[in-house]
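Coordinate analysis (summary)
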Amino acid sequence: MNNNHDGRMTREGIRIHSDADFEGMRKAGALAATILDEVAEHVFVGQTTEALDDFIRNRVEDAGATSATIGYKGYQHASCISVNHVVCHGIPGDKKLKDGDILNIDVTVIVDGWFGDTSRMYVAGKLSRKAERLIQVTHDALFKGIDAAKPGNTFGDIGHAIQSYVEANRMSVVRDFCGHGLGRVFHAPPNVLHYGRAGTGPRLEEGMFFTIEPMVNLGRPETKVLADDWTAVTRDKSLSAQFEHSIGITADGCEVFTPSPAGRFHPTYDV
């Protein structure tokens, strides 16, 4: 990497990071991913999402890190936990998980000033066939987007790769929420859309850091935010799934900062 460009901003306000910055992101990403590995065994029928959040909060503190979400715009939890038709930003609470519930757990930690942001799907009890298919398509759509993340491509190429795959599987991509730049800040340019036209949007450059986090619905793409001003749900009550990685663009592709150390990124890892 040309270190003369450390901290440079593109025309669109996207920061270009240095080699040393990649190391900071690896550490933050590794902690977030490790916590999501460890929470897996605590997901079971009868468990509350509040108990899962307590586990995550304690793990962040034990690691000497900081939760990025506690205190963010008044939010008071160390994770967002989105169950069934909740698309994203589900607030942990005392409701118990039922057999067949699917849930996304989203964690962002701060380690030495760097933000590690990742989410993945879990299941309580037995996974239904339609939920399993939704989870698989969403997982694979994320990796289609990651495959398109390389220098010379555009952000539209990432969105197009995700959208075309999801819609070929007769599901829909949520438009109301997107991925984002990150690094020493939680949210920064660019907005990373999970739909779009190939060849459009800013061009990808080595040193860009951002999340790709497609939300996919079994039904229609429309969402609404509940009265708590956080929880987003599908308007048609259809199931929704999401997977998220934080990545950095390299000379010939991208580096995923948040891979599962235990190989548990997909919920059926042990089946």
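Since this is a predicted model, take the numbers as computed values, not measurements. (Residues numbered from 1 in each chain as written. Predicted model: local features only at pLDDT ≥ 70, side-chain atom pairs only at ≥ 80, totals over all residues. Heavy atoms only, no water.)

Its 14 residues place the ends of helix 4 (residues 155–168) 20 Å apart at the C-alpha level, agreeing with the 20 Å of an ideal helix rising 1.5 Å per residue. Along helix 4, the positions that sit buried rather than exposed are Phe155, Gly156, Asp157, Ile158, Gly159, Ala161, Ile162, Gln163 and Val166. On its buried side, helix 4 packs onto helix 3 (129–147), strand 6 (172–173), strand 8 (188–192), strand 9 (209–212) and strand 10 (215–217). The distance from a side-chain oxygen at the start of helix 4 to the backbone nitrogen of Gly156 is 3.3 Å, and the residue carrying that oxygen is Thr154. Immediately downstream of helix 4, the backbone of Arg170 shows phi near 60°, a positive value. (Helix = DSSP H or I, 4+ residues; strand = E, 2+ residues; numbered from the N terminus. Expected span 1.5 Å × (residues − 1). Buried < 20%, exposed > 50% of the residue type's maximum accessible area, 1.4 Å probe, protein only. Contact = heavy atoms within 4.5 Å. Polar contact = N/O pair within 3.5 Å; in protein donor to acceptor, adjacent residues only side chain to side chain.)

Right, let's get into the sheet that holds strand 3 (residues 86–88). Pairing is antiparallel across the open sheet formed by three strands, whose spatial order is 3-12-11. In this open sheet, the two strands that pair with only one neighbour each are strand 3 and strand 11 (223–225). In this sheet, adjacent strand axes meet at a mean angle of 40° when their direction is disregarded. In terms of strand pairing, strand 3 meets strand 12 (residues 232–234) through two bridges, oriented antiparallel. Bridge assignment links Cys88 to a residue of strand 12, and that residue is Ala232. (Pairing = 2+ DSSP bridges. Axes fitted to C-alpha atoms, helices over the stretch in contact; angles between N-to-C directions.)

A word on the pairing of strand 2 (residues 80–83). The alternating pattern of strand 2 places Cys80 and Ser82 on one face and Ile81 and Val83 on the opposite face, and all of these are buried. Note that strand 2 and strand 4 (residues 102–111) share four bridges and pair antiparallel. Bridging across to strand 4, Ile81 finds its partner in Ile105.

Before going further, it helps to examine the packing of aromatic side chains. Enumeration over the complete set of coordinates arrives at nine aromatic pairs. Centre to centre, the rings of Tyr75 and Trp230 are 4.9 Å apart; their planes meet at 65°, and the pair counts as edge-to-face. On the criterion of sequence distance, the pair formed by Tyr75 in the loop between strand 1 (66–67) and strand 2 and Trp230 in the loop between strand 11 and strand 12 is long-range, its members being 155 residues apart. Within the aromatic cluster, the residues linked to one another by ring pairs are Phe22, Phe209 and Phe257. Over the ring of Tyr195 we find Arg175; its NZ or CZ atom is 4.8 Å from the centre of that ring. (Phe/Tyr/Trp six-rings, centres within 6.5 Å; stacked < 30°, edge-to-face > 60°. Lys NZ or Arg CZ within 6 Å of the ring centre and 35° of its normal.)

Evaluated as defined, the whole model comprises ten salt bridges. Here Arg26 ties to Glu23 by a salt bridge, and the two come within 2.8 Å at their closest N and O atoms. Of this pair, Arg26 and Glu23 both sit in helix 1 (residues 19–39), separated by three residues, roughly a single helical turn. Under the relative-accessibility criterion, Arg26 is labelled partly exposed at 33%. Two residues, Arg57 and Asp53, come together in a salt bridge whose shortest N-O distance is 3.7 Å. A residue pair is termed a helical-turn pair when its members lie 3 or 4 positions apart in one helix, as Arg57 and Asp53 do in helix 2 (residues 49–62) at four residues. Residue Asp53 is classed as buried on the basis of its relative accessible area of 1%. Counted as one network, the salt bridges with shared partners bring together Glu23, Arg26 and Glu255. (Salt bridge = Lys/Arg side-chain N within 4 Å of Asp/Glu carboxyl O.)

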